[in-house]
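Chains, contacts and geometry: an overview
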Amino acid sequence: MPERSESESRKLLRRLRDVLSVPGKGQDRLDSITHLIADSMGTEVCSIYLFRDPETLELCATEGLNPAAVHQTRMKLGEGLVGRVARSGQPVNTADAPSEKGFRFMPETGEEIFSSFLGVPIQRIGEKLGVLVVQSKDKRGFSDDEIYAVEVVAMVLAEMTELGAFIGDDGAMKALHKQPVLFRGGTGQEGAAEGRVWLHEPRVVVTNPVADDPLTEIERIRAAVGELRVSITDLLEAEQLDKEQRQVLEAYRMFAQSRGWLRRMEEDIMRGLSAEAAVEKEQSAARARLEQVPDAYLRDRLHDLDDLSNRLLRILTGQGADTGAEMPDNPVLVARNIGPAELLEYGRRLRGVVLEEGSVGSHAAIVARALTIPLVIHAGRITSEALNGDAILVDGDQGIVHLRPEETVARAFRDKIAMQAEAQKRYASLRGLPATAKCGTTISLLMNAGLMADLPSLEGSGAEGVGLFRTELQFLIRNKMPKRAELAALYARVMDAAKGRRVAFRTLDIGSDKVLPYMKPNDEPNPAMGWRAIRVGLDKPGVLRMQVQALLRAAAGRPLTVMFPFVAEPGEFSEARAHVLREVHREKSLGHRVPERLEIGVMCETPSLAYAPQSFFDLTDFVSIGGNDLKQFFFAADRENERVRKRYDTLNLSFLAFLEHIVARCAASGTPLSFCGEDAGRPIEALALAAIGLRHLSMRPASIGPVKALIRRVDLTEARAAIDRARDEGAESARPALMDWLAAQPA
Ligand code: PEP
Ligand code: MG
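Note that the coordinates shown come from a computational prediction; the quantities given were computed from them, not determined experimentally.

This part takes up the overall build of the chain. Regarding its fold elements, the chain presents 27 helices and 23 strands. Its C-alpha atoms give the chain principal-axis dimensions of roughly 90 × 60 × 45 Å. Surface summary for the chain: the accessible area is close to 31,400 Å², and the carbon and sulfur share equals 52%.

Scanning the entire structure with this criterion turns up 12 aromatic pairs. With centroids separated by 5.6 Å and ring planes inclined at 85°, the aromatic side chains of F573 and F616 adopt a geometry described as edge-to-face. One end of the pair, F573, is in helix α19 (residues 570-589); the other, F616, is in helix α20 (residues 614-619), and 43 residues separate them in sequence. For the residue pair F573 and F616, the accessibility class agrees, reading buried in each case. Ring geometry for F635 and Y648: centres 4.9 Å apart, planes at 5°, overall stacked. Taken together, the residues F635 in the loop between α21 (627-634) and α22 (642-645) and Y648 in the loop between α22 and α23 (653-669) connect sequence positions 13 residues apart. Each member of the aromatic cluster is reached from another via a ring pair, and the members are Y611, F634, F635, Y648, F655 and F658. Stacked on the ring of F622, the Lys or Arg R502 has its end atom at 4.8 Å from the ring centre.

Let's shift gears to the sheet that holds strand β5 (residues 116-124). Read from one edge of the open sheet, six strands run β3-β2-β1-β6-β5-β4, paired in antiparallel fashion. Each edge of the open sheet is held by one strand with a lone partner, namely β3 (74-76) and β4 (92-94). The sheet shows a mean angle of 25° between the axes of neighbouring strands, direction not considered. Inspection of the sheet shows β5 paired to strand β6 (residues 127-136) by nine bridges, in the antiparallel sense. Bridging across to β6, S116 finds its partner in S136.

Our focus in this paragraph is the domain arrangement of the chain. One can read the domain layout of the chain as domain 1 (3-162), domain 2 (181-202 + 328-406), domain 3 (214-317) and domain 4 (434-743). The C-alpha-based centres of domain 2 and domain 4 are spaced at 28 Å. The partner domain 4 presents 16 residues to the 18 residues of domain 2 that form the contact. When domain 2 packs against domain 4, close to 1,400 Å² is buried across both sides, 59% of that on carbon and sulfur atoms. Broken down residue by residue, the surface that domain 2 buries against domain 4 is led by V360, H363 and I366, which jointly contribute 29%. Linking domain 2 with domain 4 are one salt bridge, by the criterion used here. One salt bridge connects R700 with E190, and the closest N-O pair in it is separated by 2.9 Å. The tally of links from domain 2 across to domain 4 stands at two residue pairs in polar contact (both at pLDDT 80 or more). The set of elements that each furnish at least two residues to the side of domain 2 that touches domain 4 consists of β8 (186-189), α10 (340-346) and α11 (363-370).

Another point: the layout of surface pockets. The calculated volume of the second largest pocket comes to roughly 1,300 Å³. Counting only elements with at least two residues in the lining of the second largest pocket, the list comes to α13 (407-428), α14 (456-461) and α25 (701-713). The element best represented in the lining of the second largest pocket is α25, accounting for 11 residues. Summarising the domain contributions, the lining of the second largest pocket has at least three residues from each of domain 2 (181-202 + 328-406) and domain 4 (434-743).

This part takes up the coordination of the magnesium ion (ligand 2). Bound to the magnesium ion (ligand 2) are the protein donor atoms E605 (OE) and D629 (OD), situated 2.0 to 2.1 Å from the metal. With E605 in the loop between β20 (598-604) and α20 and D629 in helix α21, this pair connects stretches of sequence that are 24 residues apart. Accessibility assignment for this pair places E605 and D629 in one class, buried.

The share of residues in the chain with pLDDT of 70 or more is 94%, and the mean pLDDT across the chain is 88. Across residues 1-5, where pLDDT falls below 50, the model places eight contacts with residues more than four positions away in sequence or in other chains.

This part is about the site of ligand 1. Looking at ligand 1, there are 14 residues lining it, with R470, R506, E605, N628 and R639 nearest. One of the side-chain nitrogen or oxygen atoms of R470 is found 2.8 Å away from an oxygen atom of ligand 1. One nitrogen or oxygen atom from the main chain of D629 is found 3.0 Å from an oxygen atom belonging to ligand 1. If ligand 1 stood free it would expose 290 Å²; the protein chains cover 99% of that surface. Contributing elements (two or more residues each) for the shell around ligand 1: β17 (466-470) and α21. In terms of residue count, α21 provides more of the shell around ligand 1 than any other element does, three residues in total.

Before going further, it helps to examine the environment of L77. By the element assignment, L77 lies in the loop between β3 and α3 (80-88). The class of L77 is buried, set by a relative accessible area of 17%. Note: C-alpha distance between L77 and D212 (135 residues apart in sequence) is 36 Å. For L77, the contacting residues outside a window of four places in its chain are F51, P54, E55, G83, A86 and R87.

What follows deals with the sheet that holds strand β12 (residues 375-377). Strand order in the open sheet made by the eight strands is β7-β14-β13-β9-β10-β11-β12-β8, with mixed pairing throughout. The open sheet has two free edges, formed respectively by β7 (181-184) and β8, since each of these has just one partner strand. Within this sheet the neighbouring strands show an average axis-to-axis angle of 25°, counted without direction. Summarising the sheet, β7 and strand β14 (residues 400-403) pair through four bridges and their orientation is antiparallel. If you follow R184 over to β14, its bridge partner there is I400. Along the sheet face, α11 touches β8, β11 (352-355) and β12 and points at about 55° away from the line of β8. Strands in contact with α13 are β9 (192-199), β13 (391-395) and β14; relative to β9, the strand with the most contacts, it is inclined by about 120°.

What counts and what doesn't
- Residues numbered from 1 in each chain as written.
- Chains lettered and ligands numbered in written order.
- Predicted model: local features only at pLDDT ≥ 70, side-chain atom pairs only at ≥ 80, totals over all residues.
- Heavy atoms only, no water.
- Helix = DSSP H or I, 4+ residues; strand = E, 2+ residues; numbered from the N terminus.
- Areas by Shrake-Rupley, 256 points an atom, 1.4 Å probe, with all protein chains shown as cover.
- Phe/Tyr/Trp six-rings, centres within 6.5 Å; stacked < 30°, edge-to-face > 60°.
- Buried < 20%, exposed > 50% of the residue type's maximum accessible area, 1.4 Å probe, protein only.
- Lys NZ or Arg CZ within 6 Å of the ring centre and 35° of its normal.
- Pairing = 2+ DSSP bridges.
- Axes fitted to C-alpha atoms, helices over the stretch in contact; angles between N-to-C directions.
- Domains from an automatic or database assignment.
- Contact = heavy atoms within 4.5 Å.
- Buried area = accessible area lost by both parts, 1.4 Å probe.
- Salt bridge = Lys/Arg side-chain N within 4 Å of Asp/Glu carboxyl O.
- Polar contact = N/O pair within 3.5 Å; in protein donor to acceptor, adjacent residues only side chain to side chain.
- 1 Å grid on protein atoms, 1.4 Å probe; cavity = no way out; pocket = protein on both sides within 12 Å on 5 of 7 lines; lining within 4 Å.
- Points joined across faces, edges and corners; volume = space filled by probe spheres on them.
- Donors = N, O, S within 2.8 Å, 3.2 Å for Na, K, Ca; no water.
- pLDDT = per-residue confidence, 0-100.
- Near = heavy atom within 4 Å.

Here it is in structure tokens:
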């Protein structure tokens, strides 16, 4: 890097800072900046384009283009060369702009006479703010040094934008982090919540993007990187790291040791940036790359680099994870992603959770569901936009988040929450009443659980028992395999809390999306159909046996119900059952008490089981339909894949016919049958299930009220007739017919 350009860019930055340090109107400042940059770069044109909304850029200041175009010329993201820079987050440098792909002629700016074009993004850690452009008449490409200098200036502009330097009542720019923003994501857990943003990792605020003394800054960055390296080594040496944590830390160490990373930051500092701004510049570049990388592994590594930059910024600014900010009374957690244990630590204090990543089946989603906290996943870049304390509305039903909402939106939202609360009150009044339909049939409503935190809902919801206790959750929230005694104590507490009500403990369903942090992950091409659940249990029976022992000890003579997940063949069931009976025998021979009544059942989650021989139905004590898995295999539609997840209706008449077949098989052998997939908690679906003969439905506790209210309103024989009519008419789904029929029922 030539010494001349170093001092040039430093000089430029100093002039820039001087301009910005004088109080002034936003527009005046922007005008002086474009003038100053064009002057320093020796170009005829310098323009600043800023985002008006996430899709539209506006020319906000220019030196050299027609001044009348300011605040008039606009372009869409991706449109023209400026839009291309904004979309890609990468500079565009060309000596012959009109011949570039995507060039857009804008007569109002007089642009056609400028041949050379250099545009760089104005962005701050992945947050796109605008584009800085220099242009000149002569056909010249800008040198690497010149690009570099303009990038450094753009970085400072981004910091200044963040600090509100261009906001004025003159309309130069709207204030950042002040406007309402809508995020459309996906549903992780239904429910609505209003609250204030609580960032899991608060944004680090950099107040000094420009520094006068590069040598001091270089010393600072070297010291900070040194501290970072030591802290990573310390973490790596700590005991009790699981393999995945160790791998992430190794990747951190590799980046932290990378000479290229430190060298690039030192070069930025030599150009005039402060140590903090240099870290952010690298981080922004990594984020821009992140968006372009389709490969999941590489994306993970770039995420690691992102995390590392945050750590480095915290060291430099002294702004630890604990910024001293106080958690609001009604916190809505906003994070890129979060682990199940961390989420559990926040617990029920949270009103809602909004994640940039996550998936319906992620561990965090499972915990949010258990805690009944509304969760929205895939919420764009909300961590770049939200600030601690911002007002936020979470609509878990629609997967929508309103950040800093307009009052009218907030009011409509509050009405919705009030209506839901009103409905909850109505449901509470039904708590002690049975779910008896008008035809006299009673449906027993049970709840699904998996954490101790779920158990208080047993009283409140009016559930008759726990139809599905997902034991893997206890395994998922730990960082090492729980011991038998720990599990026994926990299961005993669950049974105590159930006060004699039946709890169906499902043995471990790991594999597929549920990967234990301390178990070697298996690289399987299709984990949902891979080595999971009872397949793992039978191939490596140590854990299954340990779990059964814990259950037997917990029961200490009380009745016990156990069921196996994902059984595809009767042989798997009888083998698993034999393990349980062997453990009972062993416990007895050790002089321990064994359950006074033991039920051993099975989940029907694969279509094959529905066609098992009669002897299987005679052997099993009960069958519980795991509709989530059963439906995904029936329709060959991945329940984790947002694209196909909702493609097939549960009320599709082929699926209902298949469920009826299972009802008939169980009825023929007198085998009790229940349904414990998510559909059991959706009122219309629950109604259809009851209509076709299911008598036990297990669901999220919050669904019990709405399902009960609906069942009590209707005659199930009539509902059944509506379904049959739809079938006779050749419909694909029973939903329209059922809805029409329901609409005609008295409220
Ligand atoms: C199911 O598959 O329907 C079920 C209840 O099990 P899980 O959702 O835990 O796979
Ligand atoms: Mg399942």
